[in-house]
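# Observations on the three-dimensional arrangement
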Amino acid sequence: MGLLYLGTPLVWDEAKKYADHVRTHGITQFLHIWDQLKDRQGDELLWGDEIEYMVVSFDDKEKNAKLSLRQTEILAKLSAIVEDISADCPKSIAVPKFHPEYGRYMLESTPGAPYTGAIPDLLSVESNMRYRRNLARKHLKPNEVPMTFTSFPRLGAPGQFTEPYFDPSDAVSSHSLFLPEEITNPHARFPTLTANIRRRRGSKVAINLPIFVDDNTPHPFIDPTIPWDRNLYPEDPEAKQGAALPDHIYLDAMGFGMGCCCLQLTFQACNVKDARRMYDGLIPIGPILLALTAASPLYRGYLADVDCRWNVIAGSVDDRTEEERGLKPLKESRFRIPKSRYDSVDLYLSEDWMNRPEYNDNPLPYDEGIYDRLRKHGLDDLLSKHISHLFIRDPLVIFSETIDQDDTSSSDHFEVNTASALQNIQSTNWQTLRFKPPPPNSGIGWRVEFRSMEVQMTDFENAAFAVFIVLLSRAILSFNLNFYIPISKVDVNMGRAQKRGASTSGKFYFRKDVYTTPRSGTSSAASTSGTSSPVDGSPGKKEKKLGNCFPPVPPPETGLDNRPPVDEEYEEMTMKEIMNGKDGNFPGLLPLVDAYLDTLDLEPPHKERIQKYLDLIRRRSDGRLLTAAAWIRNFVTSHTDYKKDSVVSQIINYDLLVAVDEIERGVRTAPDFLPACYEGGNKDRGSIGL
Ligand code: ADP
Ligand code: MG
Ligand code: MG
Ligand code: MG
Ligand code: MG
Ligand code: MG
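For the protein chain, the name recorded in an unreviewed UniProt entry is Glutamate--cysteine ligase, with Gymnopilus junonius as its organism.

Dropping the structure here:
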């Protein structure tokens, strides 16, 4: 999340009056950016990660692990420390940044400056992440640990799950039966978002995750921990009126989703065309990497039958009215909207010949007035549709002080970029990919953010996935890979990716022929590298760094009309096949990355380091190592306190988080989960030297 400006937020009935104002000015601001920066060229690869943590407070006497609600204090301390470090050693590595997040127990960190394409930068990702973790850790209480854990197992469960304790009866923003008001970052933006989502929707959000049915799970499972008869807020009866389904874990507040942690990556492209190519190339990768990074099988004290957070977070901010959700005929609302504002993207954006119109087969409600305005301004069909599709949403948080802005210098109605940025549309469309235009007057180029992954428990793994994706993005651009499948099939994959064990037992639609030009050789993926040579290096010579500007392949002179029907271009594959290849025809993503690495002039030790990361991913993808979700599941079901009833008790939760922390520090091994080479972070749980 961006910097936060303090102001006076409007309640929904007031805020909605300004929705058209914000949309109109948001588009004006976008068009200013477009006019100034659409021809921007030659930006180098800059990229960076975002890692989210939950601060866990361990009570070793009571054997409880709770969420520490000290975010405000912790962030204040960290920013003071960061200032100290900068003052002490101005020429040292850029000091990391810490950001607030939705949960009052959460932190986000990013590198102090983006990484470049230089190989040393690639090799520094893990130590950078570790430095950030240790910096945070060092400035917490001795019993507090910043953990990169996707969903807190007992968030919203009976008993004490926060430190200090608060009662859910005070949840004036969410009206949740389970989460207290204090779970939310107190900055006005967050309670207002929470309340305005509920008000706009006309009810509380409602998420139902199938419960994992074990030998002693009651059948049907009617959750005894739901306060079915509470009568405090007008929405309290919703649970028994059908919002809470039998055989499911019912969640009723934004905090359940926005309180999950993830790993995101942002890449700067050479120009807007390449940003659109990269965006499209990464779309089909979103669900695959969601399944491979699956890390969240536990919710509200129960084992779920899903392994990922995605549908939880999508449901947790689903502000659509009943009309928009298709439950009632359209009267007040303007559109039927198939998805939450947090969900997978609906449109491939590239104007490249590879992007056949048939691939964009999702329903796409868009604001026709905005579309026409963009087209009249000279924008192409796809980008106009993309923007006018995002702009079917209402702005949710409006601060009275910033309703009127100078559209030539601000883009705040369009997205959060500056300290005063609030009533924006783009930043509250939380999707698998984000196409990020340059902020005005910033020197920053066109960027793409990859957002589907779950955060991993160790920085070794987080670095591995970051390195894998940056290399894959280079392979996509430099080899002109074609990953297109109909976008509706990408959505089918999103659903499949979240199922229990999807990575080992699921199948996913994937394109069979990913090459754009006929290959001379047949054997390895490396033989594709002849399709183009980087423009930002001398052709034929090996590169010393990750390139950014690669020419697209021109369309074949004949044959565009003779392409097979799109439905013959893809098939169902396992994770192992997608990642490692199939039949000698489909190369697999890891061999493609290897082929790209072969185009770089890497020192052997550097190559070895990178291979360690790729090897982790290989082993996860072929089942030799467990996903985090599978490992967590096994830990719970083999715990002596587990009664085969799907319940994750306080003691199981405590022991699990103790174990995860010990694994992270390298004082406990997990040979079915991490490779033998994993050394761990810092050995001591308490005060840690840097
Ligand atoms: P948001 O929350 O809006 O997604 P953040 O500011 O939290 O964004 O994170 C953005 C990431 O992008 C950080 O890792 C940062 O280092 C990186 N980054 C910064 N500048 C650039 C740039 N010009 N191109 C690509 N990535 C960048
Ligand atoms: Mg974040
Ligand atoms: Mg961020
Ligand atoms: Mg965020
Ligand atoms: Mg930001
Ligand atoms: Mg982000």
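Having seen the model, we can carry on.
## Quick notes on the overall build of the protein chain
From N to C terminus, the protein chain includes 20 helices and 17 strands. For 690 residues, the compact-globule estimate of 2.2 N^0.38 gives 26 Å, and the C-alpha radius of gyration of the protein chain, at 24 Å, lies within 12% of that figure. Projected onto its principal axes, the C-alpha positions of the protein chain cover 70 × 60 × 60 Å. A buried classification covers 51% of the 690 residues belonging to the protein chain. Look at the contacts in the protein chain between residues 6 or more apart in sequence, and 75% of them connect residues 24 or more apart.

## Observations regarding the packing of helix α11 (residues 368-376) against helix α12 (residues 381-390)
Two numbers describe how α11 lies on α12: the axes approach to 9 Å, and their chain directions differ by 145 degrees. Note that α11 runs across α12; the crossing there is right-handed. Taking contact as the criterion, the partners of I370, Y371, L374 and R375 in α11 are, on α12, S384, K385, I387 and S388. Looking at the contact of α11 with α12 residue by residue, the classes come out as 4 nonpolar, 2 polar and 2 charged.

## Looking at the site of ligand 1
Neighbouring ligand 1 are 18 residues; L46, G48, P114, T266 and Q268 lie closest to it. Elements represented by at least two residues in the shell around ligand 1 include exactly β1 (47-59), β9 (263-268) and β15 (447-450). Of the residues in the shell around ligand 1, the class split is 7 nonpolar, 7 polar and 4 charged.

## So, the environment of T637
Mapped onto the fold, T637 is located in helix α19 (residues 628-637). Along the backbone, T637 and L303 are 334 residues apart, and their C-alpha atoms lie at a distance of 9.1 Å.

## Topic: the nonpolar core
In this structure, M54, V448, V467 and F468 are the most contacted members of the largest nonpolar core, which totals 186 residues. If you tally residues by element for this core, the top one is helix α13 (residues 459-478), at 14 residues. Beyond its immediate stretch of four places on either side in the chain, V448 contacts F267, A269, A275, M278, Y279, L282, L433, F435 and K436.

## A word on the packing of α13 against helix α17 (residues 589-598)
Axis separation between α13 and α17 bottoms out at 9 Å; the angle between their running directions is 75 degrees. Our classification of the angle between α13 and α17 gives roughly perpendicular. Where α13 approaches α17, its residues F468, L471, L472, R474, A475 and S478 are matched on the opposing element by L589, L592, V593, A595, Y596 and L597. When the residues that make up the contact of α13 with α17 are grouped by side-chain class, the tally is 10 nonpolar, 1 polar and 1 charged.

## Some words on unusual backbone geometry
Residues E163 and P164 are joined by a peptide bond in cis, for which omega reads 0 degrees. In this fold, P164 is placed in the loop between β6 (162-163) and α5 (189-201). With omega at 0 degrees, the peptide bond leading from H219 into P220 counts as cis. Along the chain, P220 falls in the loop between β7 (207-210) and α6 (239-243). The phi dihedral of D247 falls on the positive side, at around 65 degrees, and the residue is not glycine. Within the secondary structure layout, D247 lies in the loop between α6 and β8 (248-251).

## With respect to α19
Burial analysis of α19 places 7 of its 10 residues in the buried class, the great majority of the element. Those residues of α19 lying buried are A628, A629, A630, W631, I632, R633 and V636. Elements in contact with the buried residues of α19: β10 (298-299), β11 (302-303) and α20 (650-665).

## Comments concerning the environment of M573
Inspection of the secondary structure puts M573 in strand β17 (residues 570-573). By C-beta crowding, M573 is classed as buried, having 22 other C-beta atoms within 10 Å. Spatially, the C-alpha atom of M573 lies 5.3 Å from that of F508, the residues being 65 residues apart in sequence. Contact partners of M573, with chain neighbours within four places excluded, come to K507, F508, F510, I578 and K582.

## Remarks on the environment of F483
Position of F483 among the secondary structure elements: in the loop between α13 and α14 (487-497). For the pair F483 and T162, spaced 321 residues apart in sequence, the C-alpha separation works out to 44 Å. Apart from residues lying up to four places away in sequence, F483 is in contact with G281, P284, R511 and V514.

## Digging into α5
Along an α-helix, residues three or four apart share an orientation, since each turn contains 3.6 residues. For α5, which comprises 13 residues, the first-to-last C-alpha distance of 18 Å matches the rise-based estimate of 18 Å (1.5 Å per residue) to within 8%. Where burial is concerned, most of α5 is hidden: 10 out of the 13 residues are buried. Burial in α5 covers these residues: R189, F190, P191, T192, L193, T194, A195, N196, I197 and R198. Looking at the packing, one finds that the buried side of α5 touches α1 (12-15) and α7 (254-258).

## Thoughts on the confidence of the model for the protein chain
Within the protein chain, residue pLDDT values average 91, and 91% of them lie at 70 or more. At the low end of the mean pLDDT range in the protein chain sits helix α3 (residues 71-88), at 87; at the high end sits β10, at 99. In this model, residues 416-423 is a region of pLDDT below 50 whose contacts with residues beyond four sequence positions or in other chains number 32 contacts. Note on residues 686-690: pLDDT under 50 across the span, and 10 contacts to partners over four residues away in sequence or across chains. Taken together, the chains of this predicted complex give a pTM of 0.95 and an interface ipTM of 0.96.

Analysis parameters
- Residues numbered from 1 in each chain as written.
- Chains lettered and ligands numbered in written order.
- Predicted model: local features only at pLDDT ≥ 70, side-chain atom pairs only at ≥ 80, totals over all residues.
- Helix = DSSP H or I, 4+ residues; strand = E, 2+ residues; numbered from the N terminus.
- Rg over C-alpha atoms; globule rule 2.2 N^0.38 Å.
- Buried ≥ 20, exposed ≤ 12 C-beta atoms within 10 Å, placed from the backbone.
- Contact = placed C-beta atoms within 7 Å.
- Axes fitted to C-alpha atoms, helices over the stretch in contact; angles between N-to-C directions.
- Left-handed = near helix turned anticlockwise from the far one by under 90°.
- Nonpolar A, V, L, I, M, F, W, Y, C, P; charged D, E, K, R; others polar.
- Near = placed C-beta within 6 Å.
- Core = buried A, V, L, I, M, F, W, Y, C linked by C-beta atoms within 7 Å.
- Parallel < 35°, antiparallel > 145°, perpendicular 65-115°, else oblique.
- Expected span 1.5 Å × (residues − 1).
- pLDDT = per-residue confidence, 0-100.

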